[in-house]
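Coordinate analysis (summary)
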Amino acid sequence: MTMIAIQDSSRTEASSFADLVVDEAVRQAEEQGWQAVRLSEVARSLGLPMSVVLERFRDMDDVANAWFERGWRGMLAEKPDTFEDWPERVRIEHCLQAWFDTFSAHHRVTVQMLKTKAHLPHPHTWVPMVFDLSRTVQWLREAARLEARYGTRRAQVEEIALTSLFLAALAVWAADTSEGQRRTRRFIDKRLKRGESWMKWVPGASSRRRHVAEAQL
């Protein structure tokens, strides 16, 4: 076995172990609420020494971080072959909804995690949320394959607009009890359509959109 194969195998095993711990923590949270879950109980339920679990997770906030990484993976998952040809608004909607869909089966627990992280007396959990939000928006731009280069005026406007959209959609989603998250889907669609109408005036429109517009003339 080559060194690369060994490294890949180790990463796969570490990922599987982390997923096992996260899944068990969420399972327990579904029964008793996120704040009641203890890492020691998760380890005991899995038959693992606490020392082994602590090598990967320092605390329950680390477990929550691993849970939310799944949202990033959902956004970055393989896209349809025609994805590049979709309008930017549709690509953004697809990727943003993928984030919410990732957590739809455990909506209540996910909201509890967010509320726990945002608890003001615990700056060690809510301060990093600011950086996680920025990272989420950057991954959203990458996943939606937006063309504006980082540092340009258009990219800066996109980041501000997407941050506002994500936070607003998150607030709607947190209270959304509709089937298939219909309320959240309608909200995202409406906000993106509204944003599309004024983003066309921001300098730096993609060459693809210009070519499409010219072809339609």
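What you see is a predicted model, and the numbers here were worked out from it, not measured in a lab.

About the criteria used
Residues numbered from 1 in each chain as written. Predicted model: local features only at pLDDT ≥ 70, side-chain atom pairs only at ≥ 80, totals over all residues. Heavy atoms only, no water. Axes fitted to C-alpha atoms, helices over the stretch in contact; angles between N-to-C directions. Helix = DSSP H or I, 4+ residues; strand = E, 2+ residues; numbered from the N terminus. Parallel < 35°, antiparallel > 145°, perpendicular 65-115°, else oblique. Left-handed = near helix turned anticlockwise from the far one by under 90°. Contact = heavy atoms within 4.5 Å. Nonpolar A, V, L, I, M, F, W, Y, C, P; charged D, E, K, R; others polar. Core = buried A, V, L, I, M, F, W, Y, C linked by side-chain atoms within 4.5 Å. Buried < 20%, exposed > 50% of the residue type's maximum accessible area, 1.4 Å probe, protein only.

Glancing now at the packing of helix α5 (residues 88-102) against helix α7 (residues 123-143). The interhelical angle for the contact between α5 and α7, taken along N-to-C directions, is 135°, at an axis separation of 9 Å. Comparing their axes, α7 and α5 come out oblique. When you trace α5 past α7, the crossing you get is right-handed. Counted together, Ile-92, Cys-95, Leu-96 and Trp-99 of α5 and Thr-136, Leu-140 and Ala-143 of α7 form the full contact between these two elements. For the contact of α5 with α7, a count of residues per class yields 6 nonpolar, 1 polar and no charged.

For the pair α5 and helix α8 (residues 153-174), interaxial distance at closest approach is 12 Å and the crossing angle is 40°. Viewed along their axes, α5 and α8 adopt a mutual orientation that is oblique. The handedness of the crossing between α5 and α8 is right-handed. Here α5 contributes Glu-88, Ile-92, Leu-96, Trp-99 and Phe-100 to the contact with α8, which in turn contributes Arg-154, Glu-158, Leu-162, Leu-165, Phe-166, Ala-169, Leu-170 and Trp-173. Its residues assigned to classes, the contact of α5 with α8 comprises 10 nonpolar, no polar and 3 charged.

Formed by 46 residues in total, the largest nonpolar core has its most connected members in Trp-34, Phe-57, Val-63, Phe-68, Trp-99, Phe-100 and Met-113. If you list the elements that add at least two residues to this core, you get α1 (3-32), α2 (39-46), α4 (60-76), α5, α6 (107-117), α7, α8 and α9 (182-199). Sorting elements by how many residues they give to this core places α4 first, with 8 residues. Look past the residues within four positions of Trp-99 in its chain and what remains in contact with it is Phe-68, Gly-71, Trp-72, Met-75, Thr-136, Phe-166 and Leu-170.

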